Each structure stands twice: as structure tokens, then as C-alpha cells.
Amino acid sequence: MSTPTIATLGSHSCLQILKGAKEEGFKTLAVVLPRLEKFYRGFSFIDEIVKINSWSVFPKIEKKLIKKDAILIPHGSFVAYLGENINKNFKVSYFGNRKVLDWEGDRRKQRKWLEAARINVPREFGRGEKIDRPVIVKFYGAQGGKEYFTAHSQEEFQHKIKGFQGRKFIVQEYVIGNPIYIHYFHSLLFKETEIMSVDKRYETNVDSLGRLPLKGQKDIEIEPSFVVVGNIPLALRESMLVEALDMAERLVAASKKLIDKRGIWGPFCLETVVTPDQKFYVIEISCRIVAGTNIFVPYSPYTYFKYGEPMSTGRRIAKEIRIALGQNKLKNVLG
Amino acid sequence: MSTPTIATLGSHSCLQILKGAKEEGFKTLAVVLPRLEKFYRGFSFIDEIVKINSWSVFPKIEKKLIKKDAILIPHGSFVAYLGENINKNFKVSYFGNRKVLDWEGDRRKQRKWLEAARINVPREFGRGEKIDRPVIVKFYGAQGGKEYFTAHSQEEFQHKIKGFQGRKFIVQEYVIGNPIYIHYFHSLLFKETEIMSVDKRYETNVDSLGRLPLKGQKDIEIEPSFVVVGNIPLALRESMLVEALDMAERLVAASKKLIDKRGIWGPFCLETVVTPDQKFYVIEISCRIVAGTNIFVPYSPYTYFKYGEPMSTGRRIAKEIRIALGQNKLKNVLG
Amino acid sequence: MSTPTIATLGSHSCLQILKGAKEEGFKTLAVVLPRLEKFYRGFSFIDEIVKINSWSVFPKIEKKLIKKDAILIPHGSFVAYLGENINKNFKVSYFGNRKVLDWEGDRRKQRKWLEAARINVPREFGRGEKIDRPVIVKFYGAQGGKEYFTAHSQEEFQHKIKGFQGRKFIVQEYVIGNPIYIHYFHSLLFKETEIMSVDKRYETNVDSLGRLPLKGQKDIEIEPSFVVVGNIPLALRESMLVEALDMAERLVAASKKLIDKRGIWGPFCLETVVTPDQKFYVIEISCRIVAGTNIFVPYSPYTYFKYGEPMSTGRRIAKEIRIALGQNKLKNVLG
């Protein structure tokens, strides 16, 4: 077999995925929309650019990718761009367990998974239950926080939800505490979960509200929004790393029972809110590489501890594939 | 010609400029005020310190610098320290286009430039126009955000502006969104614009207001101020990098029409506010290295993608000069 | 003498201390509670794990540590875990001056020290003095900000303090400005103070209050808390580095007069609030490595300037010990 090509969609964390792939000795390929072609051509570690006119025609380039022994690395924009259907059905080799998609995309399944792993979750309000505290309303499907809204009472909720008829959503208690996003990598080959890095999102406009003096907020009625536009690096208090890692290991173990024998592997993320008693409340699982890892190129403190050389999450993925190839176990890490 | 000396004023981003110059094989020199001498002597990569008693006597050391084949690297404190007059007229070699100074210093010209590059700018209020929304009032001349003030109505504006008679200023709509500062480098030699890094400023006291509970803000009337005391690293959402780079390329192209044939080159920065619809509003251009790049020593994710070795903006400048020297094109990058 | 072992307690900044020790050629050892054993076993740079059932039995493993020529590196959890008594009396070699403990732990001595070094401190309210402005109430003993509370009037203070009978505390003016934590290293061997890095803490819930819209804060009465759960990297405005370094040098000089001939050495931290006039108000000294240095593995911009290779504060400690060993001066840096 010739050297395979690591491929992904041109967006989200494509740069670190392909840079890491190149560092691990792979050929690299980005699938891009026409207006992004010029941008991605600017990076010398991307060997090939495949242009498509819209994400919906992705199935048409499948043969091409298969011929190149391409291994697709999914990232946070895969579902948003390709839809659940294409994601589940394309034939190109795919790093990670595709069955996880159902558990990530369905918020009730996600909650079941978290509970099976004995992870704290915020209270969720069922239909008809009276909202008696601050809540955040989230729609199904990863969209980078777009359209999320908060409400502080039953009335406010009912007023605001009117604009979203027919959409699936959950009503979650708004836990007051610090958002912290923990990035992991689970290796099937080494049967080991690693903490890759930790970040905090930079969300517009909610992260600029604090800069408005009181008067600014009184004069204009500002509705907070949660659109992620960047990521800020964090080190987590060391004594909390232990529980951070343990949560992830419990989640991996639970996935082997709930999803299938292999469960979840590769990069994933727990999106937490940390309260003053140092408890993690997990508000979401992302079952692939998240954009919060982008700030940790070439290193995070945690990957430096383990590897002592540049190691992004993108590179870690390629490293796993390279090791699997060397052990003739590539099939094991594809899903 | 002997190895030239890279020189700058002891402040702002002097450390990364001279460290980078040393890494690229240059001799290095810092011009410092007496009270800073001891501090800068602490860094072994600074070969020579020239002490002057006040910035106003800078012209007196010109001959000395010229004799050393010094190339001055301007940074954000040049105009504040030397004044526009000295900046435009000194004879020492200068990296960058000095004609850009007029366009940076005059807020109306700056706006003309941004509009020519089809870049979103916040609404600006002319004299006599009624202020009907939150605004921020900014004075001419880069002072790290000092004296900027906000107002929420015509009355508040008129009350607050009284203390600033005779000063030039603009009244800008206060766009509610996340401040994001994007650092670029335009290479005349390679005809290419690079994204070097992205940061968010840490401004006192405005970035501490959010830590005050409501009660804290009600009891004391706090006026926000915008004095930059630090910088925090950011990764920008990858899908927004494309427009971020495109804006800069349009700005470079516009500069060749508006300013002169060579236009702007070297490091510059777009100071943006990003709204929940992921639009950039540019509130200012800085036409030289900004302090936000200081946190990206030795790397940023973006310089690591391109160079794979330590590459700060300071080093990038020195690298450009070194390459120009090698191609016998030094004159091309001096202005 | 055989290669000594660098040892510390499994928590706080243990990872960077032992990683740095390994990089400088030492054997490494972590003392851990049983539930942390698995976590610390995950790092290959930790040669040995000594498990104890509770921190209070620490004296029982002293002989074992002494036999290994262990040098203990204290960090911010030493006093919290071992208590002042054990800290002052154990016989294992200890990096740093143990006499500093009294000056760190007693807030009145700390203030005397800061004043002797001509460092700005917030106003402090004596018993009986009327509280006429926002204050923060802090208890003795480093606990990562736990239990700190704010008050805005005499009444609020008296109401809130009721729950803390018999505890030692101070009442400090709440200076409105940006918290900035500056990390230093003072070398006895080189008689030199270095700035290692600068961070801002991420405190729950106070750093999430700004994300709540006004309405959120009105409906629920939220009491801010200051529990540190992470750290965010900062670059300090370069012109302020000079005073930042000078403060530390004055503090070191004052320590030689107040504490003993050797004074303070090794890592320490000034916890400051910076007001819009760019003044530092020091609210606390930490006389050992602080967790804010954890985000600067492998580098900070400042250690890169000086060393040009990976240099965390943990590694800097080990480097000092290695040099002392080479110069046959180990005793000089133990206290």
C-alpha cells in the first residue's frame, strides 16, 4: 500500500490536521469551496486541493478520494456542512467511530451517555415543566453556539421560543460558573486517554457584555448571543486535572457499553461549566476535534509533558494512524 | 557592506524586534531613556545600548546610527515618543513606508483608506449630528487607549467633551461585539500578506468591570477606561481567517493607489470588533508592529504553520531585511 | 554524592517541576495521595511515586526522602496540605528560604515587607474603622481565593463576617483595575531577578459574571466568589516590565533586611491590580512557584528571550540546583 493521504474539509481545524499529517509523513488533501481555494493554497503543507461547488456534491468526489487511499479526518464542521446523512454513508475511510454521530447529535442520547458515565449535568426542563430559574435554550446540531438564547422565567422563554417553531431543542439550567473546554484524545492502540489541552471560548457578543458599564446595559436592551469567534488558552488547576481525566475515562468506558464494542476514540471534548465548589457540569460532548485545540499549535503544556516535541491534536491524530499502519492495524482505527 | 545593525527604541516591542534580529544574524541596538538602561542591559541579545536624556534629542544621535548602518524598526511608540515631525524627517534607514504615517495619524484619511478597501467601519458622527446610540470618542494620536471615553446620549457626550478643548477627535458608534486584533505582515519581496497572530487586549479598567457584581456598579459610578496593559492570545475561528486575510490584501492594494506605488509593507494590524453575525468592523489600522504580537514569542499557531520554527513578528521583520540584503534589494524595503 | 532526586507533592505545579527536573538531568519523585496515584503514574518523567494516606503522615516518609538525597520543591499547596508546622520543621532538603513562610503567612508582616520595598498596596481597614468604599475580605492562609468576599458598606461587611467567627482576616480596599500576576525567579547564585511570565487567573464565578446580561444579575442575587480554576497567559505592556522588575528587586532587597541575610530566592509572585494610570497595587506576595506559571510550559515570551530553549519556572528551579551542585554550593540554595 502506498502512503495514504490524510484529507479533511477546508474549515474549522483543517490547518492543524493537515500540518500534523505532513509532520507525520503523510500526503495531505483539503476539500474546499471555491472561495476558500486561494486561502488554503497559501499553506505549503497542503499537497492537494480538491474544489467542490457545494458541500452537497461531496459524494461525487468520493471515488477520487478512495483512489488516493484517503483517510478523512472529521472535525466540528462535518455535520454542519455535509449533513448527518452524507456523514454516515460515505465510503471513504474515516478516522473515528461513525456510530458516535447518533449519540452526539441527539441531545437526549448524549444525556443518557453522560449519566451512564456518572458525570454531572445541568438540570434539564421537560416540556410543560415550569421554568423557575435562569435557563439556556439550545437547538439540535452543532452550529458554534448560533441561536442559543437565555431566559429567566417561563414568560420570557415562551415569548422567545415563538420564533423557532418546528425546531428541536432542549431547555438547560444556566449553571453560573466558568466555562472550560477540555480536549482529549483516546487511543485505541494504547488503550489510553490523554488530556490534550484546555481552552475557553471567545463568544460574541456575550464575552463583550462585561465591558459595558451598567449604564450601557440599561439604556439598550442587549440579548446575549453565543457565537464562537475564537479560543483562548487555559491551564487547568492541576488538582482538577485528575477528575477531568477520570470523567473522560468513564465516558470512554460507557461508550463501549452504549454504542458498540469499540466505543469512542480519537479526539473529543467535554464542554464544562465549573462552579465555585470546583465541580464540573458537562453541558455538551463533542465527539471529534474541536476548534479550541487550534490555539495549541505547536504545543500545549499537556502535550509537551507527554511528547516533549510539537504535538497538536491534529498531529496526534496522524500519529495514531501512522502507528496503526506500522502495526498493520489501520482498520482498527477507522469507523 | 558590513553587517547592518537593527535598532529600535527601548519600549513597546523592542525585545522581540531585537531578539528576532539577533536570531537572523544582525547586530542589535536599543535607544533608551536613562531609567530604562539597566532593564535593557539585562538581555544578552542586545549588543549596544544608546542612552539619550529625552526623546526630543533623538536627532542628535542620528549620525551615530547612520555610521553603524543602522536600520530603525518603528513600533507603536515611535509617534508617541518622537512626534510626527522627527518620525518623518530622520535620515537613518527606516523599515517600512514613512508616507503611511500621514494616513495612520489622520483618522479621516484612515477611514478613506478603509472604505477604499471595502472594509466595514462603524458609523461615524459628524459635528452637529445628534448622537442617538452608544458611542466611543477617540482622540488623534496613538496613546494606547488613554482618554478614550464612551457616551450614550447627546447630553452625556457634550458634558464629557468639555474637558478636551482644542483636541482633535472622532465620534464612533460603539459596536457591541468582541474586540479582536489581527496582526499581519506584508512582504514586498514575496508580494504576499501573512497572518502573523491574533490577540485580544487587556484594558484597564474596562476588562475588570465584568468582575464587579451589579451592586458594585450601582453603588459607585464607574467610568470605563481603555488603557492597554497586556495582551491575551487568541486563535481565530478558521472559517473567519479567509476574510481576515482578504481584508488585509484589499488594504494593501488600496494603499498602492492612495499612498504611493509601494503602499504599505511590513507588519500592521487591523483592530476589529466582531458582531454575532461574524462580521468584522475595523475600528483602527496600526501601520507597524503592535504590542499584541508580544505574547507570540517564540511562535503563534499561524507562524508555526508557515515556518515550523520560532518566528515572532520581530523576527519576521529581520528575516525580510536579511533576504532583501541577500538579493541586493535593501533599498526596496526602506522608506 | 549520587544524583539527587527532585521531589514535590502531587498537586498544583508538580508536573512542570518534575518535567523540568528531568530535563535538567535529575531523578524525580512525587508524593501523592492514593486517589492521585494513577494520574501521576501516567507521566513518564516521574521516576518514583511515594503514596501516603494523608498529608498529616508526611513526617513518616522523611527518612525515605533523605536517603534518596531528595530536594523538596515547595509549591502553593505545601502550606495548605502540610500545615505551617510540618513545613517549618521537616528535615528533607528544601529549595528556598523557610523563614519566608512566616512573612508570607502573616498578612501584617507581608504588608510591612511590601511597604519596606516601597510598593503600592491597597488601603487596609483596621478593626473599628468604618468601611466607606468597596472592600474585599481575605482570610489568612493560601486557599486559592476560597471564601474571599466583597462588601460595599459597613452594614454588608458586618452581616457577612458573622459566618467566620474566630478566623483571622484583613479588610482591603477593592481596587478597581485589572488583576495581573507577575512570576519571578531570584537567583542567589547569579544575584539576579528574572521575570518568568505573567498571567491572569480564571476565577469562578467572578469571571463569569460579566457574561450575564443585566437582567440575569437583577433577578438572582449573585455573590461573587474567587476560586481559581485556571490561568490565562498574558504579555505585559513592555514599558511596564521595567517597574515590574524593579518592584521585585526592591522586594528581594527588603527581604535581606527584614528576614535574614539570604532573604527570598527561587520563584515568587506579585499579585497586582493595575489601575488606568498604569500603577501596580500589590495585593499579595506568593513566596514560591504559583500555578499561573503552568500555562507557560514549555516557554513564556520572557524565558524565551533569556534562554532560547524550553524553560518553565519548574525547569528554572532545577537548573539553579544543577548549577549550585556544579559549583559545590548546593547548601547555599537550600533553606
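What comes next concerns the included structure. Owing to the predicted nature of the structure, the values given are computational and were not obtained by experimental measurement.

1. Regarding helix H11 (residues 313–326) of chain B
Residues and elements named next belong to chain B.
Item 1. For H11, which comprises 14 residues, the first-to-last C-alpha distance of 20 Å matches the rise-based estimate of 20 Å (1.5 Å per residue) to within 8%.
Item 2. The buried fraction of H11 amounts to eleven of the 14 residues, a majority that puts the element mostly inside the structure.
Item 3. Taken together, the buried positions of H11 are occupied by Thr313, Gly314, Arg315, Arg316, Ile317, Ala318, Lys319, Glu320, Ile321, Ile323 and Ala324.
Item 4. The N-capping residue of H11, defined by a side-chain oxygen 3.4 Å from the backbone nitrogen of glycine 314, is serine 312.
Item 5. With its phi angle positive at about 60°, asparagine 328 sits one or two positions after the end of H11.

2. Structural notes on the relation of the copies chain C and chain B
Item 1. Under the fitted operation, chain C is carried onto chain B by 0.0 Å of movement along the axis and a turn of 120°, and the coordinates agree to an RMSD of 0.0 Å. Seen this way, the second copy is the image of the first under a three-fold rotation axis. Of the C-alpha atoms belonging to chain C, the one lying closest to the rotation axis is found on C:Gly210, 2.3 Å away.

3. Observations concerning the side chain of B:Arg111
Residues and elements named next belong to chain B.
Item 1. Examined against the element boundaries, arginine 111 turns out to sit in helix H6 (residues 107–116).
Item 2. For arginine 111, a relative accessible area of 17% puts it in the buried group.
Item 3. Reaching out from arginine 111, the side chain makes a polar contact with the side chain of glutamate 124 at a distance of 2.8 Å.
Item 4. In this structure arginine 111 touches Val121, Pro122, Arg123 and Glu124, once residues within four positions along its chain are discounted.

4. Some remarks on the state of the cysteines
As used in these notes, a disulfide is a covalent bond between sulfur atoms, one from each of two cysteines.
Item 1. Evaluation of the coordinates by the stated rule reveals zero disulfides over all chains.
Item 2. Cysteine B:Cys14 shares no disulfide, and the gap to the nearest cysteine sulfur, in B:Cys269, comes to 19 Å.

5. Some points on the sheet that holds strand S6 (residues 124–125) of chain C
Residue and element names in this part refer to chain C.
Item 1. Spatially, the four strands line up as an open sheet ordered S6-S9-S7-S8, and their pairing is antiparallel. Looking at strand neighbours, the two that pair on one side only are S6 and strand S8 (149–151), the edges of this open sheet.
Item 2. The strands touched by helix H6 (residues 107–116) within the sheet are S6, strand S7 (135–139) and strand S9 (169–173), with S9 carrying the most contacts at an inclination of about 40°.
Item 3. Packing against the sheet, helix H7 (residues 154–161) makes contact with S7, S8 and S9, and its axis sits at approximately 150° to S8.

6. Regarding the relation of the copies chain A and chain B
Put simply, the second copy of the chain is the first one after a rotation about an axis and a shift along it.
Item 1. For the pair chain A and chain B, the relating rotation is 120°, the translation along its axis is 0.0 Å, and the fit reaches an RMSD of 0.0 Å.
Item 2. Little of the interface of chain A is mirrored in chain B, where only 17% of its interface residues are also at the interface.

7. Overview of the interface of chain C and chain B
Item 1. Taken together, the contacts link 45 residues of chain C with 47 residues of chain B.
Item 2. Interface area for chain C against chain B, summed over the two sides, is near 3,900 Å², with a carbon-plus-sulfur share of 62%.
Item 3. It is C:Glu238, C:Tyr304 and C:Phe305 that lose the most area in chain C upon contact with chain B, and together they represent 20% of the buried surface on that side.
Item 4. For the pair chain C and chain B, the interface holds three salt bridges.
Item 5. A salt bridge links C:Glu249 to B:Lys38; the shortest N-O distance between them is 2.3 Å.
Item 6. Take the side of chain C that touches chain B: its biggest share by element is seven residues, from helix H9 (residues 238–258) of chain C.

Reading the values: rules and limits
Residues numbered from 1 in each chain as written. Chains lettered and ligands numbered in written order. Predicted model: local features only at pLDDT ≥ 70, side-chain atom pairs only at ≥ 80, totals over all residues. Heavy atoms only, no water. Helix = DSSP H or I, 4+ residues; strand = E, 2+ residues; numbered from the N terminus. Expected span 1.5 Å × (residues − 1). Buried < 20%, exposed > 50% of the residue type's maximum accessible area, 1.4 Å probe, protein only. Polar contact = N/O pair within 3.5 Å; in protein donor to acceptor, adjacent residues only side chain to side chain. Least-squares fit on C-alpha atoms with pLDDT ≥ 70 in both. Contact = heavy atoms within 4.5 Å. Disulfide = S-S within 2.5 Å. Pairing = 2+ DSSP bridges. Axes fitted to C-alpha atoms, helices over the stretch in contact; angles between N-to-C directions. Buried area = accessible area lost by both parts, 1.4 Å probe. Salt bridge = Lys/Arg side-chain N within 4 Å of Asp/Glu carboxyl O.

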